[in-house]
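Single-letter residue listing:
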Amino acid sequence: MNFQLTIEPINNIQSDLQIVLVAQKDLEHTFVQDKELLKKAGFKGGQDETALFLERDRLYVGVEKITADNLRTATATAMRTLVSTSYNHVSIASYLDETKSADMIRAMVEGFELGAYRFEKYKSDKRSNPVTDITISLEEYHGEILDIEACAHALHLGQITSEATNFTRDIVNTTPDDCYPDVMAHIAKDLAEEYDLHCKILKGNEIRKEKMGALLAVARASRHRPRVIHLAHKPKNPKAVISLVGKGLTYDSGGLSLKPSDFMVTMKADKSGGSAVLGIMKAVAQMNLPVEVHGFVGAVENMIGGDAYKPDDVLISKSGKTIEVRNTDAEGRLVLADVLAYAQQEVKADYLFDFATLTGACVVGVGNYTSGVMGNCDTPKNLVTEAAQCSGELVTKLDFNRYLKKTLKSEIADICNISNTRYGGAITASMFLAEFIDEDHRDKWAHIDIAGPAFVEHVWGENPHGASGAGVRLMLRLLENLSK
Ligand code: BES
Ligand code: ZN
Ligand code: ZN
């Protein structure tokens, strides 16, 4: 998609269609050209409400209040509305406020790119979005003076972050037969080549040498061998060193603690955390952020078979801690335990974040739209909640407590992979991970459970059906904040 910024007034731009965002309170305003028509069409100006007037080549989208989040979903809605039309070049005015004009431009661009996304790999009749060109008019609005350079930079960042999100969506949406651990490793290698990242892939022997007994147990019954991916962006004199770890379960059948059929569908999305890490690394390189970023992915498939790991097994993790397995469907934490240990061994980071579709309990607790943020210390958790504010992603903190910690006790090993209570599952899973965080990283680590927003069954906001790319825009904001 090509974007162009211009200071030409919106009505002077030659385009196929004009998109007009209109707030409820402005419906009666003189600058709304099609007031009567809108009234006839029953348009009330509610958020993301649309009215397409083909004879005028104008599309109205309601915006409750001019905020970055509302502009993002409005432009995404516009793109979805135009999908069955043949409009190629659209124009739109800028909707800015004094302080945040750059943020508004970025949100609009993100909405266009994210709303136009379609996953068509498996469709015979491919219908990509018709819109190829978007012109944004920076006509002085309410007499404000705009920093055009800042707007152009925001546009550029918006393109990078949304393209990275769509890149992650493509990986997650790809079926388990087409995207297995070695395929993820190849995606990482290709990224490294294209964007000049450091790349190391650990295969069988290297993984065994690293003594990742927990990860290897999860992987055992699959015909697809596991991979541990390490990508790195290393600028000179970095302002901070950050490690990211992603759960890359290319399929989670539950293993011998097999998932019921209805719960197994969509488990191709259990690689969302790892796929987010790949998308983030791509954007970090494109933005050339002045922070050192390491991306680790544990790419594994959790299957059944004669060689499957079992409830009752005791695993020796990389850290040396032994783990009693009582449920093979709590596999993500086993993979993460080893990859977190590996990441901490390889890199002494200022911050360590992991992303995982870790628990159904997180979805039950905070809903489909929000990620849960957990950890020992408020500092890294606050970085995440602050970054979320303008990223378009929703997050909420879930606190640890000492009573839940006790529920992970094992009679025969150092720890059990599930808790002995069925409540508080998002927190107990995270408290399990905390056992594999070393003293140096104790207060530098936060875990982000993206099980809710990672996969979308009913379109919401800027997200189409399927993978949302959760975690990508959130972490890019955080890394940008650390780059300032
Ligand atoms: N991948 C699932 C978690 C999940 C559930 C992600 C729904 C997205 C949507 C994870 O591996 C899992 O199965 N967790 C179990 C843990 C339980 C056995 C303690 C769960 O949440 O039921
Ligand atoms: Zn599972
Ligand atoms: Zn899982």
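Residues numbered from 1 in each chain as written. Chains lettered and ligands numbered in written order. Predicted model: local features only at pLDDT ≥ 70, side-chain atom pairs only at ≥ 80, totals over all residues. Heavy atoms only, no water.

**Points about the coordination of the zinc ion (ligand 2)**
- On the protein side, the zinc ion (ligand 2) has Asp252 (OD), Asp329 (O), Asp329 (OD) and Glu331 (OE) as donor atoms, found 2.0 to 2.2 Å from it.
- In this structure, the zinc ion (ligand 2) is surrounded by six donor atoms whose angles at the metal cover 72 to 167 degrees, and the resulting shape is irregular.
- Read in sequence order, the donor residues for the zinc ion (ligand 2) give the motif D-x76-D-x1-E.
- In this structure, the zinc ion (ligand 2) lies 3.2 Å from the zinc ion (ligand 3), and both are coordinated by aspartate 252. Placement of aspartate 252 in strand E9 (residues 241-252) and of glutamate 331 in the loop between strand E12 (322-324) and helix H10 (332-346) is noted, with a sequence separation of 79 residues between them. Each member of the pair aspartate 252 and glutamate 331 is classed as buried. (Donors = N, O, S within 2.8 Å, 3.2 Å for Na, K, Ca; no water. Tetrahedral: all angles 85-135°; square planar, octahedral: opposite > 155°, others 65-115°. Helix = DSSP H or I, 4+ residues; strand = E, 2+ residues; numbered from the N terminus. Buried < 20%, exposed > 50% of the residue type's maximum accessible area, 1.4 Å probe, protein only.)

**Some words on helix H5 (residues 181-195)**
- Over its 15 residues, H5 runs 21 Å from end to end, which matches the ideal 21 Å to within 8%, given 1.5 Å per residue.
- Among all positions in H5, only Pro181, Met184, Ala185, Ala188, Leu191, Ala192 and Tyr195 are buried. Across the axial projection of H5, the buried residues extend over an arc of 120 degrees, all falling on one side. Facing away from the buried surface of H5 by more than 90 degrees, the exposed residues are Glu193 and Glu194.
- Lining the buried residues of H5 we find helix H4 (148-173), strand E7 (198-202), strand E8 (227-233), E9, helix H9 (272-287) and strand E10 (292-302).
- In the stretch just after H5, aspartate 196 is the one whose phi turns positive, near 65 degrees. (Expected span 1.5 Å × (residues − 1). Arc of directions from axis to C-beta. Contact = heavy atoms within 4.5 Å.)

**As for the site of ligand 1**
- Around ligand 1, a shell composed of 15 residues is seen, among which Lys259, Asp270, Asp329, Glu331 and Gly360 lie nearest.
- The separation between an oxygen atom of ligand 1 and a polar side-chain atom of lysine 247 is 3.2 Å.
- Threonine 357 has a polar backbone atom sitting 3.3 Å from a nitrogen atom of ligand 1.
- Surface burial for ligand 1 is 74%, taken as the share of its 520 Å² of free accessible area covered by protein chains.
- The residue inventory of the shell around ligand 1, partitioned by class, reads four nonpolar, four polar and seven charged. (Near = heavy atom within 4 Å. Polar contact = N/O pair within 3.5 Å; in protein donor to acceptor, adjacent residues only side chain to side chain. Areas by Shrake-Rupley, 256 points an atom, 1.4 Å probe, with all protein chains shown as cover. Nonpolar A, V, L, I, M, F, W, Y, C, P; charged D, E, K, R; others polar.)

**Concerning the packing of aromatic side chains**
- Following the criterion strictly, the structure yields nine aromatic pairs and no others.
- Between phenylalanine 400 and tryptophan 445, the ring centres sit 6.5 Å apart and the planes meet at 40 degrees, which makes this aromatic pair tilted. Pair noted here: phenylalanine 400 is in the loop between strand E15 (394-397) and helix H13 (402-406) and tryptophan 445 is in strand E17 (residues 445-449), with a separation of 45 residues, a long-range link.
- Three or more aromatic residues joined by ring pairs make a cluster, and in this case those are Phe43, Phe53 and Tyr60.
- The ring of phenylalanine 167 has lysine 282 lying over it, and the distance from NZ or CZ to the ring centre is 5.5 Å.
- Cation over ring: lysine 321 sits above phenylalanine 436, and NZ or CZ is 5.9 Å from the ring centre. (Phe/Tyr/Trp six-rings, centres within 6.5 Å; stacked < 30°, edge-to-face > 60°. Lys NZ or Arg CZ within 6 Å of the ring centre and 35° of its normal.)

**Overview of the nonpolar core**
- Residues Leu231, Ile242, Leu244, Ile280, Phe353 and Met475 are the most contacted members of the largest nonpolar core, which totals 53 residues.
- Of the residues forming this core, the biggest block, nine residues, is contributed by H9.
- Apart from the residues within four sequence positions on either side, isoleucine 280 is in contact with Leu244, Phe355, Gly471, Val472, Met475, Leu476 and Leu479.
- Formed by 49 residues, the second largest nonpolar core is a distinct cluster that contains Leu315, Ile323, Leu404 and Phe432. (Core = buried A, V, L, I, M, F, W, Y, C linked by side-chain atoms within 4.5 Å.)

**Observations concerning the domain arrangement of the protein chain**
- The domains assigned to the protein chain are domain 1 (2-146) and domain 2 (170-482).
- A straight line from the C-alpha centre of domain 1 to that of domain 2 covers 36 Å.
- Contact residues are listed per partner, giving 14 residues for domain 1 and 17 residues for domain 2.
- When domain 1 packs against domain 2, close to 1400 Å² is buried across both sides, 47% of that on carbon and sulfur atoms. (Domains from an automatic or database assignment. Buried area = accessible area lost by both parts, 1.4 Å probe.)

**Things to note about the coordination of the zinc ion (ligand 3)**
- Coordination sphere of the zinc ion (ligand 3), protein contribution only: Lys247 (NZ), Asp252 (OD), Asp270 (OD) and Glu331 (OE), at 2.0 to 2.4 Å.
- One can describe the site at the zinc ion (ligand 3) as octahedral: its six donor atoms subtend angles covering 76 to 174 degrees at the metal.
- Each donor residue of the zinc ion (ligand 3) lies on the same chain, and together they follow the pattern K-x4-D-x17-D-x60-E.

**A few points about the pattern of salt bridges**
- What the rule picks out here adds up to 25 salt bridges.
- Of the charged contacts in the structure, one is a salt bridge between arginine 223 and aspartate 177, with a shortest N-O distance of 3.8 Å. Residue arginine 223 is found in the loop between helix H7 (213-219) and E8, and its partner aspartate 177 is found in the loop between H4 and H5; the two are separated by 46 residues along the sequence. No difference in accessibility class separates arginine 223 from aspartate 177, as the two residues are exposed.
- Its salt-bridge partner being glutamate 210, residue lysine 318 comes within 2.8 Å of it at the nearest N-O pair. Of this pair, lysine 318 sits in the loop between strand E11 (314-316) and E12 while glutamate 210 is found in the loop between helix H6 (204-209) and H7, placing the two residues 108 residues apart along the sequence.
- Within this structure, Asp69, Arg72, Arg106, Glu110 and Glu480 form a network of salt bridges that share partners. (Salt bridge = Lys/Arg side-chain N within 4 Å of Asp/Glu carboxyl O.)

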